[in-house]
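Fold and geometry: a report
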Amino acid sequence: MEGALTARDRVGIQDFVLLDAHTNETAFLDNLKKRFSEDLIYTYIGTLLVSVNPYKELDIYSKKQMDIYMGVNFFELPPHIYALADNAYHTMMSEANNHFILISGESGAGKTEASKKILQYYAVSCPSTTLLDSVRDRMLVSNPVLEAFGNAKTLKNDNSSRFGKYMDIQFDIQGDAVGGHILSYLLEKSRVVHQNHGERNFHIFYQLVEGGEEDLLHQLGLESNCQHYSYLVQQDECANVTSINEKNDWKTVRNALSVIDFDESDIQHLFGIIASVLHLGNVQFEADSKGYATLNNNTELRWVSTLLGINVQVLQEGLTYRKIEAKTDEVLSPFTVDHAIYARDALAKAIYGRTFTWLVNKINDSMENKEPSRKTVIGLLDIYGFEVFYVNSFEQFCINYCNEKLQQLFIQLTLKSEQEEYEAEGIGWEPVQFFNNKIICDLVEEKHRGIISVLDEECLRPGEATDFTFLERLEEKMGSHPHFITHKLSDKKTRKTLDRGDFRLLHYAGEVTYCVVGFIDKNNDMLYRNIKDVMRQSKNAIVRECFASTESDSRRRPETVASQFKSSLLGLTDILMSKEPWYVRCLKSNESKQPGRFDNVLVRHQVKYLGLMEHLRVRRAGFAYRRRYEVFLQRYKPLCPATWPHWRGVAAEGVEVLVQHLGYLPDEYKMGRTKIFIRHPRTLFATEDAFEVCKHKLASRIQAQYKGYRQKGEFRRQKEAATKIETCWRGVQARKEKERRQWAVKVIKKFIKGYMTRGEAKTTDNSEYLAFVRQNYLNRLKDNLPKTVLDKTSWLTPPPVLTEASAILRQLHMRLMVTRYVRGITAQQKAQLQLKGITSVIFKGKKDSYPQSVCQPFVDTRISEQDINMKVLQIIRHERVKYSVPVVKYDRNGFKPRPRQLILTQMAAYAVDEAKIKQRVQYTNLKGVSVSTLSDGIIIFHIASEDVKQKGDLVMQCDHLFEVLTKLSVVANKQSAINVVQGSIKFQIQAGKEGIVDFSSGQESMVYKDKNGHLMVVSTRTRAR
Ligand SMILES: Nc1ncnc2c1ncn2[C@@H]1O[C@H](COP(=O)(O)OP(=O)(O)OP(=O)(O)O)[C@@H](O)[C@H]1O
Ligand SMILES: [Mg+2]
């Protein structure tokens, strides 16, 4: 119910007991429909299971589903047939008592399917051993065999069970299924000889004819064609069933028979009987001249005779004559054709019916448990539910009577258990208002007064008893009964709804009108005694057995069908009364066997006739809900601070505190010894709603706690992991560092050693050091090479080992620079350098101003030709002017300075004043040239005195001293004639007269005539020489 509580808002209500409007049929149907539309075919009424046929395969019967339901509290999971089966089983095990599951519902509602599901559940869920497996197999395969012989296609159901079945499953003390026993009720034998249009005979006939092997059919004299057999044909055709595969079913049945211990002769005899019934159906009678039935050379009869092992004559006599016993004599009375047909059909029905009983017994033998140990049972009752047709006959009368009995049983058992529970719990019994149907059961079954007694009396009465005389008798006897009414007994209004041949019973489930036609015949189920005698002669062991056992006293009249049924029902009631009940009520969702269709009218009809509302009323008469204190407290304890999270005291007291806290009113609940009883579902729902709300809060809190806990755990784990990784990483780093340091120590040591022995010859100790030193020096050298040839100082000082190499390298580098330089210079530069070279040879280290002159380039001339007077040019042009430069000429006497142009030609040097050549010095006459060592620009040409034309030596001052003299030395080839003179220079003023030029250094350069008559030349001192 707890499961129902939580699910109630989702798809209807899982338990009708919790339906607030429990007397409202529409609310009941709405709930069923709502659930059915979601494929929820099961709903509870307390422990009763209502099942609505879905007419489609649902995925709710798998092994997985079975596992889910195994051993789980009934109300904890959604309603299911497995829950009911499991609960019955566990209650049986824990209380060591017997149980039964009553499955009822109208034809096609799913009773047989439900019983199979239960059986399968036990087969899977119960413990097993190899020995027990065989019993279990037999129980499972007994179904297809019984269905083959006892089921048929009807208009309502392609596999309709035409008998009631009660099966005991026996369990030993360990809960193993160790045996089984079947009781069958009221097989519809009439189907053997006649079926309504669109219906069929029992499946076995079709299975044999269509599925039987050729040999077998030959042996049985059968043809593989159902059309051939009049018992299988109605109005010239056989009903077609697409849902059935005869050949497969035949194989299943054959296989099942061998599992259930049928030996070959049993099987042969069994099929002999089935075949003989078919042949019997084809036996045709002819009328002789007096209208009596005759049988001449009938092949079919011969087949019957062969198959049953009965003399053909005897058989023929049995089918055409009736033996009448008159005191001592026996007289044979011939049948009319109709009578003979009746007798033939009666025989067919009897043979088949008795064989069916034999089959059930045989199956029982094979499932029997021979172990004497204590056993408990669960009975499965798959029996027809209440039937109401347009025309209701003897069969419906029996069936509805059966349902009345079962309803009475239900009321008794339910009330009994309610009362017992109230007593056990110490709660005062509150009388429950419900309809007790005992009055109707009595109406049907009471000895001497009930309808069955009247019927039996009418059947036994000598004279012409008919169905109508039976009705009259009923009217006489039951006239005043409130639940019985006929056309004659009714008032005007009701009379319109009844025919003269009808009687109406007011069953617990509603009114049903029966038509008396056929009651007498069907109740008699007459089989003439002489034909029974004939059957006893049969060589077919099954037939012999079937007819031998009963009616040994052939003179006694056999029990009527109704009486037999009544006593078998009494037996069944006894069986059931001693057991704990469980109910499954099957409902048909629609007449057309369509999935997903819920026919409101049809279901309402069934709800009524299955007494579901009545059942609910009884269940709800007292308290809607009851639960053990422990269970109740466990579920709802979060709703009260005093009981949450733990109630330390007695559970009952905890519940009392809890319900007080919840504000239950005194008449809403009762406290029993072990259980709390709650009267109305709404009280419970309110509690459950509060629980739902509270549950969410609790869940959130627990979730938060749990998440926190998980998160902390995770954090701790991560931290530990991080520490671990860190430790490992540090270890790795430390080891690396250690290696690095070890390596460094080694290197340093080696370095020091190398350093210390660097001067020694190459050894292992110093070789690396030296290599390092070399490399280091070379690397440094590479970056610090002198950039110019002139840079003589910046060459890196080499380490001792590289002294030699360094010198070589230096040289190489110098050469390289020189080469590069040389390659880079032009012809002009070259000429210039050559000139500078000459200058160097003459003056280097001799004259103070030389170094400053080095960087001053020489030019071709200092005076261009345009600036030389034309006249002069004309005079000297033929000598080719090589160089001209302005100079200051000092007079030899008085040293007066005069500006002059000094022009060098190929031949001579000219001192020119404007257009006048003042002096011409032919190079051959130039004895020498003197200059001082200081930085002045005085040039003195010493001219040969023998040249008379010459005026004396030429004293000049020129700013381009080095250039002039270099050019002169080249043009006149006078290199060796140029002298750098230390101190004063003498010169010839004229032949025999000398002059002197003194040189000194001073602050300021000047040239003047000194007091001593010398020419004084003061030059500024140069910084360095
Ligand atoms: N739970 C179910 N799931 C799917 N189909 C079902 C279920 N129950 C019944 N059926 C369908 O309904 C058909 C009739 O069911 P079943 O033979 O059990 O009815 P029944 O109540 O035994 O009828 P009868 O009284 O005629 O024997 C089945 O053959 C099957 O097709
Ligand atoms: Mg059935």
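Structural notes, computed from the coordinates. (Residues numbered from 1 in each chain as written. Chains lettered and ligands numbered in written order. Predicted model: local features only at pLDDT ≥ 70, side-chain atom pairs only at ≥ 80, totals over all residues. Heavy atoms only, no water.)

Brief notes about the side chain of D86
Quick note on the threshold: Elements are defined by DSSP. Helices are runs of H or I of four residues or more, strands are runs of E of two residues or more, and each kind is numbered from the N terminus. For every residue, the accessible area obtained with a 1.4 Å probe (protein chains only) is divided by the maximum for its type, and the residue is called buried under 20%, exposed over 50%, and partly exposed between those limits. Note on charges: Lys and Arg go in the positive column, Asp and Glu in the negative column, and His and the chain ends are not counted at all. What makes a salt bridge here is a side-chain nitrogen of Lys or Arg within 4 Å of a carboxyl oxygen of Asp or Glu, nothing more. Contacts are assigned to residue pairs that have any heavy atoms within 4.5 Å of one another.
Checked against the element boundaries, D86 lands in helix α4 (residues 81-95). Salt bridges are absent for the buried D86, whose nearest opposite-charge side chain, K63, sits at 11 Å. Not counting chain neighbours up to four residues away, the residues in contact with D86 comprise Y69, M70, G71, V72 and Y121.

A word on the sheet that holds strand β19 (residues 675-678)
The following threshold applies: Any two strands with at least two DSSP bridges between them are considered paired. Only the stretch in contact is used when fitting a helix axis, every axis being a line fitted to C-alpha atoms; angles between N-to-C directions are given from 0 to 180 degrees.
Read across the sheet, 3 strands follow the order β17-β19-β18 without closing on themselves; strand pairing throughout is antiparallel. Looking at the sheet topology across the chains shown, the edges are occupied by β17 (625-628) and β18 (669-671). Put simply, the sheet's adjacent strands are angled 15 degrees from each other on average, direction ignored. Bridge analysis of β17 against β19 gives 4 bridges, and the strand direction is antiparallel. Bridge assignment links R627 to a residue of β19, and that residue is I676. Here helix α25 (residues 629-636) sits on the sheet and contacts β17, β18 and β19; the angle it forms with β17, its principal contact strand, is near 95 degrees.

Regarding the site of ligand 1
Short version of the rule: Here a residue counts as near a molecule or strand whenever at least one of its heavy atoms sits within 4 Å of it. Residues adjacent in sequence count toward polar contacts only when both atoms are side-chain atoms; beyond that, a polar contact is any pair of N or O atoms within 3.5 Å, and within protein one must be able to donate a hydrogen and the other to accept it. Residue exposure ignores everything except the shown protein chains as possible cover, and the areas themselves are Shrake-Rupley values with a 1.4 Å probe. Each residue is assigned to one of three groups, with Ala, Val, Leu, Ile, Met, Phe, Trp, Tyr, Cys and Pro labelled nonpolar, Asp, Glu, Lys and Arg labelled charged, and all others, Gly among them, labelled polar.
Contacts to ligand 1 come from 17 residues, most closely from S107, K111, T112, S160 and S161. At a separation of 2.7 Å, an oxygen atom of ligand 1 approaches a polar side-chain atom of N53. Within the contact set of ligand 1, an oxygen atom lies 2.5 Å away from a side-chain nitrogen or oxygen of S160. Protein burial of ligand 1: of its 620 Å² of free accessible surface, 86% is covered by the chains. Secondary-structure elements contributing two or more residues to the shell around ligand 1 are α5 (111-125) and β5 (160-161). A total of 3 residues in the shell around ligand 1 trace back to one element, the largest contributor, which is α5. The class makeup of the residues in the shell around ligand 1 is 4 nonpolar, 9 polar and 4 charged.

A look at the packing of helix α14 (residues 394-425) against helix α24 (residues 612-621)
To keep it simple, the criterion reads: Here roughly perpendicular refers to angles of 65 to 115 degrees, roughly parallel to angles under 35, roughly antiparallel to angles over 145, and oblique to all remaining angles. Take the far helix as the reference: if the near one is turned anticlockwise from it by less than a right angle, the crossing is left-handed, and if turned clockwise, right-handed.
For the pair α14 and α24, the least separation of the axes is 10 Å and the interaxial angle reads 15 degrees. The orientation of α14 with respect to α24, classified from their angle, is roughly parallel. Taken as a pair, α14 and α24 cross one another with a handedness that is right-handed. Contacts between α14 and α24 pair Q407, F410, T414 and L415 from the former with E614, H615, V618 and R619 from the latter. For the contact of α14 with α24, the residue count by class is 3 nonpolar, 3 polar and 2 charged.

Brief notes about the sheet that holds strand β27 (residues 978-981)
Spatially, 8 strands are ordered β23-β22-β21-β20-β26-β25-β24-β27 in an open sheet, and the strand pairing comes out mixed. Looking along the sheet, the strands with just one partner apiece sit at the ends: β23 (916-922) and β27. The mean inter-strand angle of the sheet, taken between neighbouring strand axes irrespective of direction, is 35 degrees. Sheet topology places strand β22 (residues 908-913) next to β23; 6 bridges connect them, and they run antiparallel. Paired with A908 across the bridge in β23 is Q922.

What to know about the environment of T414
Examined against the element boundaries, T414 turns out to sit in helix α14. When the C-alpha atoms of T414 and I439 are compared, they prove to be 18 Å apart, with 25 residues separating the residues in sequence. Sequence-distant contacts of T414, defined by excluding residues within four places in its chain, comprise Y583, V618 and R619.

Description of the side chain of D891
Tracing the sequence through the fold places D891 in the loop between β20 (881-890) and β21 (897-905). Polar contacts involving the side chain of D891 include one to the side chain of R898, which spans 2.7 Å. Beyond its immediate stretch of four places on either side in the chain, D891 contacts K896 and R898.

With respect to the coordination of the magnesium ion (ligand 2)
For a metal bound by four donors in a tetrahedral arrangement, the ideal donor-metal-donor angle is 109.5 degrees, while six donors in an octahedral arrangement ideally sit at 90 or 180 degrees. What counts here: Only nitrogen, oxygen and sulfur atoms qualify as donors, provided they sit within 2.8 Å of the metal or within 3.2 Å for Na, K and Ca; with water excluded from the atoms, sites may seem incomplete.
The protein atoms that coordinate the magnesium ion (ligand 2) are T112 (OG1) and S161 (OG), at distances of 1.9 to 2.0 Å. Of this pair, T112 sits in helix α5 while S161 is found in strand β5, placing the two residues 49 residues apart along the sequence.

Here we look at the packing of α25 against helix α27 (residues 681-756)
At their nearest, the axes of α25 and α27 sit 10 Å apart, and the two run at 40 degrees to each other. As summarised for this structure, α25 and α27 are arranged oblique, according to the angle between their axes. Here F632, R635 and Y636 of α25 lie close against α27, whose contacting residues are L684, T687, E688 and F691. Partitioning the contact of α25 with α27 into residue classes produces 4 nonpolar, 1 polar and 2 charged.

Topic: a nonpolar patch on the surface
Inclusion rule: Like charges are joined within 9 Å and nonpolar side chains (Val, Leu, Ile, Met, Phe, Trp, Tyr) within 5 Å, but only among residues with over 30% relative accessible area and no salt bridge; these make up the patches.
Together, I748, F751, I752, Y755, M756 and F772 make up an exposed nonpolar region whose accessible area comes to about 610 Å². Per-element accounting of the nonpolar patch gives the leading share, 5 residues, to α27. Inspection of the secondary structure puts Y755 in helix α27. You can call Y755 partly exposed: its relative accessible area is 42%.

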